[in-house]
Amino acid sequence: MKLDRRTWFVILLLMALAALPLVATLAGQEFQIAQFRRILIFAIAAVSLDLILGYGGMVCFGHAAFFGVGAYVVAILNWHAGREVPLIGTWMGTNNVLVTWTAAVLVSGGAAFLIGLVSLRTTGIYFIMITLAFAQMIYFFFVSLRAYGGDDGLRFDGDTVAFGLIDTQDDAAFYYLVLAVLCGVLYAGRRMVNSRFGMVVQACRENERRMKALGFPTARYKLAAFAIAGATAGLAGALFAAHESYISPSIMHWTRSGDLIVMVVLGGMGTLFGPVVGALAFLFLEKTLPDYTEHWMVVFGPILLLLVLFARRGIFGWFLPKEERDGGSH
Amino acid sequence: MAAATEALLAVEGLVKRFGGLTATDNVCLDIRKGEIHAIIGPNGAGKTTLVAQLAGEVAPNGGTIRFSGRDVTRLPVDARARLGIARSYQITSVFRAFTALDNVAMAVQATDGHSFRFWRAARNESALRDPARAILERVGLGARTDVRAVNLAHGEQRQLEIAMALATRPSLLLLDEPMAGMGKDESERMTRLLARLKGEETILLVEHDMDVVFALADRITVLVYGRVIASDVPEAIRANPEVRAAYLGEGDA
Ligand SMILES: Nc1ncnc2c1ncn2[C@@H]1O[C@H](COP(=O)(O)OP(=O)(O)OP(=O)(O)O)[C@@H](O)[C@H]1O
Ligand SMILES: [Mg+2]
């Protein structure tokens, strides 16, 4: 079997990520494990955004809100369990990830469903504005939620045990869990975008009017894609809460939604793997550029602009076969 | 007017106003199963607006549209398409980044149940690809299946339009100037394609080329300023003095 450049690139990058805890430990830089785990969590969120942004052409400017909702669901359930304060009736919440992560996925997916129900009636700039507006509403809701720390955020007992196997306090073990979730999301996402459902979503991006004329009730497919993307972002948020043992509304600030868009565009829209590269590149630049100049955004902005203008498929685009670089997605 | 019972599509008193302009002015029309029914009329007569109302993309201000005996006047586009009304566009409207085969396979998929199927690769499903290939063959694009729509020649894109409409296996085809912008050879090829469809499909054909219209149509409706001034068999239309004055006399007849 002959592998193309793209496949080589994906394999090598995933192998490097798999080897990272070992390398970091050997180099005496264990703190890097948590550092990269954070990046991988944002990569999952960026991949979820790509499902609607890259494949569906839906420029959602509020994706961080779904991420934040997922994180808060886990944080609140854990906080109750840790403090033994009843949440509903006599139920004290739980730190069982099977429950908390599932709840995070369901609640953020439900939120995305409701927000999508309203937002998807609009397109273009109105869609951008309305998703931003909803995200800001959620943001301010949590800012004013004094019971759970409001502006200051919520610190909770992060001692969660995943599936009775993986202690999220164990840096390397939790890192591999996150990497496994990322691979799972990438694989399921790949299946989905190439399925009948995924083809419908992409065709809606190309020409929704034609899709309706062919007989597709387009609204419900777009809404389903939006909810799936929101639920997946919620899963990333759940991992993030476990990663930080602390959560504050700042994680769903609108600039965070902007960051996610930048990751997707930087890495390559409509490629699924591109956003992983984008998250790595973005969070790396965000860490290192400020060392050189505090006005790093002034440098970063033009880089991004050039990329959008000259490499429509972002960094990952360089590794794509020619015919996929500028047009349709596979 | 012909007996409404045997009409596949029956339009009664259709009115569409754009501000002060009446683009569709009390139009009555019926299309019988199996016929090619041509709509002719000068530029701006309201032909595209009429097609858009039949397809459900433009809501009329008044009148009714019945299809297969059912009132569809308030039905949205996608629901009408599922009932069997397919259209092609005067200005090419395809999925530009998709290959020709992907375009038609999408149309086949539209008629094959819901699309909440998330796992199997649609491009490997012979239930979608085989019929799509057969239809591309039928419209003369058999050798161009893997070319992106955006890279097809204009005439080929027009053929793709027809292929997509055909792929939904409609009971009524609304073709809005299928030869728009085509060269001589391309037009001739399209005419031959339409001739092959004659008798197999029920077609409402909007067309400017009178030679094509009189060669293919079973009946012709003449639209001027949104009004139907005549609706009859070709010989009668040719002989109609009002039509000659209003339209055929004007030049390209
Ligand atoms: N959305 C709209 N808003 C306002 N006016 C419109 C609209 N669509 C069409 N019109 C007007 O309605 C009239 C009929 O237009 P239509 O496109 O239906 O004509 P047509 O017979 O298809 O013309 P052509 O032969 O050039 O395709 C024209 O005067 C046009 O300017
Ligand atoms: Mg027209």
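Just so we're clear, the structure is a prediction, and the values are computed from it rather than from any experiment. (Residues numbered from 1 in each chain as written. Chains lettered and ligands numbered in written order. Predicted model: local features only at pLDDT ≥ 70, side-chain atom pairs only at ≥ 80, totals over all residues. Heavy atoms only, no water.)

**Comments concerning the sheet that holds strand 5 (residues 70–71) of chain B**
Strand pairs in the sheet, formed through backbone hydrogen bonds, run parallel or antiparallel to each other. Residues and elements named next belong to chain B. The cut-off we apply is this: Pairing between two strands requires that DSSP report at least two bridges joining them. The way it works is that DSSP assigns letters per residue, a run of H or I at least four long becomes a helix, a run of E at least two long becomes a strand, and they are numbered from the N terminus. Residues are treated as being in contact if the distance between any of their heavy atoms lies within 4.5 Å. Only the contacting stretch of a helix is used when fitting its axis, a line to C-alpha atoms as for every element, and angles between N-to-C directions run 0 to 180 degrees.
Spatially, the 4 strands line up as an open sheet ordered 2-1-4-5, and their pairing is antiparallel. The open sheet has two edge strands, strand 2 (21–32) and strand 5, and neither has a second partner. Bridge analysis of strand 1 (residues 7–18) against strand 2 gives 8 bridges, and the strand direction is antiparallel. Residue pairing across strands places alanine 10 opposite aspartate 30, the latter belonging to strand 2. Lying over the sheet, helix 1 (residues 47–55) contacts strand 1, strand 2 and strand 4 (62–67), oriented at roughly 120° with respect to strand 1.

**Examining the coordination of the magnesium ion (ligand 2)**
Residue and element names in this part refer to chain B. What counts is decided by this rule: Donor atoms (N, O, S) are those found within 2.8 Å of the metal centre, with the cutoff raised to 3.2 Å for Na, K and Ca; water is not part of the atom list, so apparent gaps in a site can occur. Only protein chains enter the accessibility calculation, which uses a 1.4 Å probe; a residue is then buried when its area is under 20% of its type maximum, exposed when over 50%, and partly exposed in between.
The magnesium ion (ligand 2) binds to the protein through Thr48 (OG1) and Gln90 (OE1), with metal-donor distances spanning 1.9 to 2.2 Å. Of this pair, threonine 48 sits in helix 1 while glutamine 90 sits in the loop between strand 6 (85–88) and helix 3 (100–110), and the two are 42 residues apart along the sequence. What makes threonine 48 partly exposed here is its relative accessible area of 34%.

**Focus on the confidence of the model for chain B**
Detailed reading of the predicted coordinates is not advisable wherever pLDDT falls low. Residues and elements named next belong to chain B. The condition is simple: One number per residue, pLDDT, summarises how confident the predictor is, and it ranges from 0 to 100.
Per-residue pLDDT for chain B has a mean of 93; in total, 95% of the residues score no lower than 70. Taken as a whole, residues 1–5 scores under 50 in pLDDT and shows 4 contacts with residues more than four places along the chain or in a different chain. Interface confidence for the predicted complex, given as ipTM, is 0.93, next to a pTM of 0.93.

**Some words on the pattern of salt bridges**
For the record, the criterion: For this document, the term salt bridge refers to a Lys or Arg side-chain nitrogen within 4 Å of an Asp or Glu carboxyl oxygen.
If you walk through the whole model with that rule in mind, you get 22 salt bridges over all chains. Measuring nitrogen to oxygen at the nearest pair gives 3.0 Å for the salt bridge that ties Glu57(B) to Arg209(A). A residue pair is termed interchain when its members come from two chains, as with Glu57(B) in the loop between helix 1 and strand 4 and Arg209(A) in helix 7 (residues 196–214). Using a relative accessible area of 23% as the deciding quantity, one classes Glu57(B) as partly exposed. Judged by relative accessible area, Arg209(A) falls into the partly exposed class, the value being 46%. Its salt-bridge partner being Asp78(B), residue Arg82(B) comes within 3.2 Å of it at the nearest N-O pair. You can see Arg82(B) and its partner Asp78(B) sitting in helix 2 (residues 77–83), 4 residues apart, about one turn around the helix. Overall, the relative accessible area of 12% leaves Asp78(B) in the buried class.

**Points about the domain arrangement of chain B**
All names here are of chain B. Worth spelling out the cut-off: Residue ranges assigned to the domains are those given by an automatic or database domain assignment. Each of two parts loses accessible area, computed with a 1.4 Å probe, when they are put together; buried area is these two losses added. By the criterion applied in these results, polar contacts are pairs of N or O atoms within 3.5 Å in which, for protein atoms, one can donate a hydrogen and the other can accept it, and in which residues neighboring in sequence qualify only through two side-chain atoms. Charged residues are taken to be Asp, Glu, Lys and Arg, nonpolar residues to be Ala, Val, Leu, Ile, Met, Phe, Trp, Tyr, Cys and Pro, and polar residues to be all remaining types, Gly included.
By domain assignment, chain B separates into domain 1 (1–84 + 173–253) and domain 2 (93–169). Using C-alpha coordinates to define each centre, domain 1 is positioned 26 Å away from domain 2. The interface of domain 1 with domain 2 comprises 16 residues on the first partner and 9 residues on the second. Taken together, both faces of the contact between domain 1 and domain 2 bury some 1100 Å²; the carbon and sulfur share is 60%. The interface formed by domain 1 and domain 2 includes 2 salt bridges. A salt bridge links glutamate 200 to arginine 138; the shortest N-O distance between them is 2.9 Å. Joining domain 1 to domain 2, the criterion identifies 7 residue pairs in polar contact (both at pLDDT 80 or more). Per-element tally for the side of domain 1 that touches domain 2: the top contributor is helix 6 (residues 184–197), with 6 residues. In the side of domain 1 that touches domain 2, the residues fall into 8 nonpolar, 1 polar and 7 charged.

**Some details on the interface of chain B and chain A**
Counting from both sides, the interface comprises 38 residues of chain B and, opposite them, 34 residues of chain A. Looking at the side of chain B facing chain A, the largest losses of area belong to Phe118(B), Trp119(B) and Arg123(B), adding up to 20% of the total buried there. There are 19 residue pairs in polar contact (both at pLDDT 80 or more) connecting chain B and chain A. Top element by residues in the side of chain B that touches chain A is helix 3 of chain B. It accounts for 5 residues. Classifying every residue of the side of chain B that touches chain A gives 19 nonpolar, 6 polar and 13 charged.

**Brief notes about the sheet that holds strand 7 (residues 172–176) of chain B**
Residues and elements named next belong to chain B. Taken together, 6 strands build an open sheet; the order of strands is 6-7-8-3-9-10 and the sheet is mixed. Looking at strand neighbours, the two that pair on one side only are strand 6 and strand 10 (227–232), the edges of this open sheet. The sheet shows a mean angle of 15° between the axes of neighbouring strands, direction not considered. Bridge count between strand 3 (residues 36–40) and strand 9 (residues 219–224): 4 bridges; the pairing is parallel. Paired with isoleucine 40 across the bridge in strand 9 is valine 222. Contacts between helix 1 and the sheet are confined to strand 3, strand 6, strand 7, strand 8 (203–206) and strand 9, with strand 6 contributing the most and set at about 145° to the helix.

**Here we look at the pairing of strand 9 of chain B**
Residue and element names in this part refer to chain B. Of all 6 residues making up strand 9, 6 are buried, and the element is well covered by its neighbours. What you see with strand 9 is no split at all: Arg219, Thr221 and Leu223 on one side and Ile220, Val222 and Val224 on the other are buried throughout. By the bridge criterion, 5 bridges tie strand 9 to strand 10 in an arrangement that is antiparallel. Counterpart to valine 224 in the pairing with strand 10 is arginine 227.

**Some thoughts on the packing of helix 3 (residues 63–83) of chain A against helix 9 (residues 254–267) of chain A**
All names here are of chain A. Here is the rule we go by: Roughly parallel here means an angle under 35 degrees, roughly antiparallel means over 145, roughly perpendicular means 65 to 115, and every remaining angle is called oblique. Definitions for this section: a left-handed crossing has its near helix turned counterclockwise from the far helix by less than a right angle. A right-handed crossing has that turn clockwise.
One can describe the packing of helix 3 onto helix 9 by two numbers: an axis separation of 7 Å at closest approach and a directional angle of 110°. One element, helix 3, and the other, helix 9, form an angle in the roughly perpendicular class. Here helix 3 runs over helix 9; the crossing is right-handed. Residues His63, Ala64 and Ala65 of helix 3 lie in contact with helix 9, whose contacting residues are Arg256, Ser257 and Leu260. Looking at the contact of helix 3 with helix 9 residue by residue, the class counts come to 3 nonpolar, 2 polar and 1 charged.

**Thoughts on the site of ligand 1**
Residues and elements named next belong to chain B. Our working definition: Here, proximity means that at least one heavy atom of the residue falls within 4 Å of the molecule or strand. All accessible areas in this document rest on Shrake-Rupley with a 1.4 Å probe, and a residue is counted as covered only by the protein chains that are shown.
Around ligand 1, the structure places 13 residues, and the nearest of them are Gly44, Lys47, Thr48, Thr49 and Gln90. In this structure, an oxygen atom belonging to ligand 1 sits 3.2 Å away from a main-chain N or O atom of alanine 45. Within the contact set of ligand 1, an oxygen atom lies 2.8 Å away from a side-chain nitrogen or oxygen of lysine 47. Calculation on ligand 1 without its partners gives an accessible area of 630 Å², and the protein chains cover 60% of this total. Those elements that place two or more of their residues in the shell around ligand 1 are strand 2 and helix 1. At 3 residues, the largest contribution of residues to the shell around ligand 1 is made by helix 1. Looking at the shell around ligand 1, its residues break down into 4 nonpolar, 7 polar and 2 charged.

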